[in-house]
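Examining the three-dimensional arrangement
Next come the chains, spelled out residue by residue.
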Amino acid sequence: MPDSTVRTVVIVGGGTAGWMTAAAIAQALGPHVAIRLVESSEIGTVGVGEATIPHIRAFNAKLGLDEAEFMRSTQATFKLGIEFRDWGRPGDSYIHPFGAFGPDLGEIGFHQHWLRLRAEGLETSIEAFSAPIVISRLGRFAHPSADPRALLSTFSYAYHFDAGLYAAFLRRYAEERGVQRTDARVADVRLRGADGFIDAIVLDTGEQVSGDLFVDCSGFRGLLIEQALKAGYESWAHWLPCDRAVAAPCHAQEPATPLTRSTALDAGWAWRIPLQHRVGNGYVYCSDFISDEEAEATLLSRLESEPLADPRRLRFQAGRRRKQWSRNCVAIGLSSGFLEPLESTSIYLIQAAIGHLISLFPDGSWDPVDETEFNRLMELELERVRDFLILHYRATQRPGAFWDARRQMAIPDSLAYKLALFEERGAVVRYKDGLFQEPSWLAVYFGQHVSPTGFNPLSAGLPAEALRREFAGIEQAIRRQAEALQPHESYVAQLCAV
Ligand code: FAD
């Protein structure tokens, strides 16, 4: 076992995961550790991944990044949620917003009162009571109000950005703080005989790079965690069988909306992500139901303008590395597992792993309890995202062989329990840890026609007429305030103007 303090961190891989890790460790641990990052420009990066969730702002804030400079450097736009088209039934559209449905009306959730009024004949969709949904459907944007009493304080926001430019931006940040970068291919990984810890990586230049802690950010191949340490992979393909994607950017033909779009298709779904300089597009599909050629043709036929590059094909398997921390190696990014980008969670999972690594940063004693705790935390993170993704496939009435199979599949017990409770009384099981909270689950339940048979009886205690008036007032106030906001595209242009 190494007996000294961890002084040298070696990161293998310079994709989004590698540079986020390098920047965050340099910021948090500064002069206490020497950081070396090895990447191969010959191999390159995965080259996709443009949509995020609001947590990215905390990551950027911790690094002290200026929002306008970050947005200029990464061609970013704002994001208030994800629009799901054709998911519940063909022709449907709903938005998973980054914000609550309605204001807090006391003991029970706003949606319980909405369920009650709906049972009494209210026809207004719950979307009308969500500020980020109304704002984004109008193509507007504003930073949330800092006044907690304001309706426009009830939402959060994220970004769409060019992940390659983000990695380059963070590379400058990390190098300015002393991170040393080497462009070379890792040809071998040397393990110590005694305990199987990684001793050094061997580069194709012949150089041996030794270190105390190794972070595997080498992408799907898992160069250290799998190829050297054989951590194992738990497949979730029986729940999330999409195993391929094809991606191609194009120019936008409409003003950039603050929404990622996901459209259900015959054998999977397509993403549309508006950036400042282009639109990212891709088709995530299941290879049992469509060929690569057909999927590519489908994607190209849907583009709003000529593709700006040859379509890029990718293969993956949903699941997680059985151990994401093993011995003196921690896997972050695609090397640690993969969940399809339906809810834009990969960059969040990188961020979560970095946060857990920093708070459990090894002290050189390599107490196995740190490794166990990190793996427990990441397992929770991944499982909770997994269940939320599965819900999108399970709760659908779409026709077709791919969708029939999704509707009929057995689901994890954790999700079955959540669904049962919602269907009975509209309750959302609260998670203490993990990512998606009540509004996210409600958006998908209601958007995909999962309807409870009842509602919380406490709502019946309120006088119906007063409640109806309050609802009408909230709806009007959100609409009026949303209509007064600036168009998203000009808001971004103004912010990014030098
Ligand atoms: P990579 O980008 O693959 O980087 C791996 C690095 O390791 C590279 O620098 C490579 O050169 C280096 N490397 C590999 N082998 C060696 C070697 N032998 N020697 C030296 N260096 C080596 N995430 C989101 O948050 N939102 C999204 O919308 C989103 N969409 C996605 C869509 C698809 C289809 C896919 C597949 C992923 C998507 N992701 C998304 C995930 C996101 O792209 C990745 O999580 C993110 O880019 C991190 O990738 P990475 O850095 O782990 O791996």
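You'll find the structure just up there.
Quantities reported herein were computed from a predicted structural model and do not represent experimental measurements.

Considerations on the overall build of the protein
Assigned secondary structure in the protein consists of 15 helices and 23 strands. For the protein, the C-alpha atoms occupy an extent of roughly 75 × 50 × 50 Å along the three principal directions. By the burial criterion, 56% of the 498 residues in the protein qualify as buried. Look at the contacts in the protein between residues 6 or more apart in sequence, and 76% of them connect residues 24 or more apart. Carbon and sulfur atoms make up 49% of the accessible area of the protein, which amounts to about 20300 Å² in all. Here the protein carries 50 positive and 62 negative side-chain charges, and the mean point of each set is 2 Å from the other.

Digging into the pairing of strand 15 (residues 259–265)
Burial runs high along strand 15: seven of the seven residues are buried. Burial along strand 15 is two-sided: Leu 259, Arg 261, Thr 263 and Leu 265 facing one way and Thr 260, Ser 262 and Ala 264 facing the other are all buried. Pairing analysis gives five bridges linking strand 4 (residues 81–85) to strand 15, with the strands arranged parallel. Within the sheet, the bridge partner assigned to Ile 82 lies in strand 15 and is Thr 260. Where strand 15 lies against strand 16 (residues 268–274), five bridges are found, and the strand directions are antiparallel. Paired with Ala 264 across the strands is Trp 269, a residue of strand 16. Once strand 15 ends, the chain turns through two residues before running back antiparallel as strand 16.

Some details on the site of the ligand
Surveying the vicinity of the ligand reveals 34 residues, the closest of which are Gly 14, Val 48, Ala 51, Val 186 and Ile 347. Within the backbone of Cys 217, a nitrogen or oxygen atom sits 3.5 Å from an oxygen atom of the ligand. Measuring from an oxygen atom of the ligand, one finds a backbone N or O atom of Ile 347 at 2.8 Å. Bound to the protein, the ligand loses 97% of the 1000 Å² it would expose on its own. For the shell around the ligand, the elements supplying multiple residues, two or more each, are helix 1 (16–29) and helix 9 (346–359).

Description of the pattern of salt bridges
This model, assessed by the stated rule, comprises 33 salt bridges. If you follow the salt bridges from partner to partner, you end up with Glu 83, Arg 85, Glu 127, Arg 137, Glu 254 and Arg 261 in one network.

Things to note about the packing of helix 2 (residues 55–63) against helix 9
Their axes nearest at 9 Å, the elements helix 2 and helix 9 cross at an angle of 50 degrees. The angle between helix 2 and helix 9 places the two elements in the oblique class. The way helix 2 lies across helix 9 gives a crossing that is left-handed. Seen from helix 2, the contacting residues are His 55, Ile 56, Ala 58 and Phe 59; seen from helix 9, they are Ile 347, Tyr 348, Gln 351 and Ile 354. Across the contact of helix 2 with helix 9, the residue classes tally to six nonpolar, two polar and no charged.

Topic: helix 12 (residues 413–425)
A rise of 1.5 Å per residue sets the reference length of helix 12, with its 13 residues, at 18 Å; its end C-alpha atoms lie 19 Å apart and thus fit the reference within 8%. Three or more residues of helix 12 are buried, namely Leu 415, Lys 418, Leu 419 and Phe 422. For helix 12, the arc enclosing every buried residue in end-on projection is 95 degrees, short of the 170-degree limit, so these residues lie on one face. Residues of helix 12 that are exposed and angled more than 90 degrees away from the buried face: Asp 413 and Tyr 417.

Things to note about the environment of Phe 361
By the secondary structure assignment, Phe 361 is in the loop between helix 9 and helix 10 (368–394). Take Phe 361: its relative accessible area is 18%, and that puts it in the buried class. Contact partners of Phe 361, with chain neighbours within four places excluded, come to Val 6, Val 9, Leu 29, Val 33 and Leu 213.

Comments concerning the sheet that holds strand 17 (residues 279–285)
Here we have seven strands laid out as an open sheet, ordered 5-4-15-16-17-14-18, and mixed in their pairing. Each of the sheet's edge strands pairs with one partner strand only, and the pair in question is strand 5 (93–97) and strand 18 (312–315). Between one strand axis and the next, the sheet turns through 20 degrees on average, direction left out of account.

Remarks on the nonpolar core
By size, the foremost hydrophobic cluster in this structure holds 137 residues, and its most contacted members are Val 9, Leu 170, Ile 332, Leu 357 and Tyr 393. For this core, the element with the highest residue contribution is helix 10, accounting for 10 residues. Residue contacts for Ile 332: discarding those within four places in its chain leaves Ala 17, Thr 21, Val 215, Asp 216, Cys 217, Ile 350, Ala 353, Ile 354 and Leu 357. Membership of the second largest hydrophobic core comes to 19 residues, among which are Ile 201, Leu 203, Val 209 and Leu 229.

Topic: the sheet that holds strand 8 (residues 180–183)
Strand order in the open sheet formed by six strands is 8-2-1-12-21-20, and the pairing between neighbours is mixed. This sheet does not close on itself; its edge strands, each paired only once, are strand 8 and strand 20 (325–326). Bridge count for strand 12 (residues 213–216) against strand 21 (residues 329–331) is three bridges, and the pairing is parallel. Paired with Phe 214 across the bridge in strand 21 is Cys 329.

Let's talk about unusual backbone geometry
For Asp 86, which is not glycine, the phi torsion reads 65 degrees and is therefore positive. Despite not being glycine, Lys 230 has its phi angle at roughly 50 degrees, a positive value. Relative to the assigned elements, Lys 230 resides in the loop between helix 7 (223–228) and strand 13 (233–235). Since its relative accessible area comes to 59%, Lys 230 is described here as exposed.

The rules behind each value
Throughout, residues of each chain are indexed from 1 in the direction in which the sequence is written. Per-residue local features are limited, in this predicted model, to residues with pLDDT of at least 70; the limit for side-chain atom pairs, both in listing and counting, is 80 or more; totals at the level of whole chains, interfaces and linings are taken over all residues. Heavy atoms from the whole structure form the basis of all side-chain values; hydrogens and water molecules are not counted. Each helix is a run of DSSP H or I of at least 4 residues and each strand a run of E of at least 2, with the numbering of both proceeding from the N terminus. Only protein chains enter the area calculation, which uses a 1.4 Å probe; residues under 20% of their type maximum are buried, those over 50% are exposed, and those in between are partly exposed. By the convention used here, residues are in contact when the closest approach between their heavy atoms is within 4.5 Å. Note on areas: these come from Shrake-Rupley sampling with a 1.4 Å probe, and a residue is covered only by the protein chains present in the view. A residue counts as positive if it is Lys or Arg and as negative if it is Asp or Glu; His and the chain ends are not included. In plain terms, the charge of a residue is placed at NZ if it is Lys, CZ if Arg, CG if Asp and CD if Glu. Pairing between strands is defined by DSSP: at least two bridges between the two strands are required. Here a residue is considered near a molecule or strand provided that any single heavy atom belonging to it is located within 4 Å of it. Here a polar contact means two N or O atoms within 3.5 Å. Within protein one must be a hydrogen donor candidate and the other an acceptor candidate, and residues neighboring in sequence count only if both atoms are side-chain atoms. When a carboxyl oxygen of Asp or Glu is within 4 Å of a side-chain nitrogen of Lys or Arg, the pair counts as a salt bridge. All axes are obtained by fitting lines to C-alpha atoms, using only the stretch in contact for helices, and the reported angles, taken between N-to-C directions, cover 0 to 180 degrees. For classification purposes, an angle smaller than 35 degrees is called roughly parallel, one larger than 145 roughly antiparallel, one from 65 to 115 roughly perpendicular, and anything else oblique. Should the near helix be turned counterclockwise from the far one by less than a right angle, the crossing is left-handed, whereas a clockwise turn marks it as right-handed. Throughout this entry, Asp, Glu, Lys and Arg are counted as charged residues, while Ala, Val, Leu, Ile, Met, Phe, Trp, Tyr, Cys and Pro are counted as nonpolar. The remaining residues, Gly among them, count as polar. Given a helix with a known number of residues, its expected span is that number minus one, times 1.5 Å. This arc describes the spread of directions from the helix axis toward the C-beta atoms. The set of buried Ala, Val, Leu, Ile, Met, Phe, Trp, Tyr and Cys residues whose side-chain atoms join them within 4.5 Å is what this entry labels a nonpolar core.

The quantities given are spatial measurements derived from coordinates; they are silent on function.
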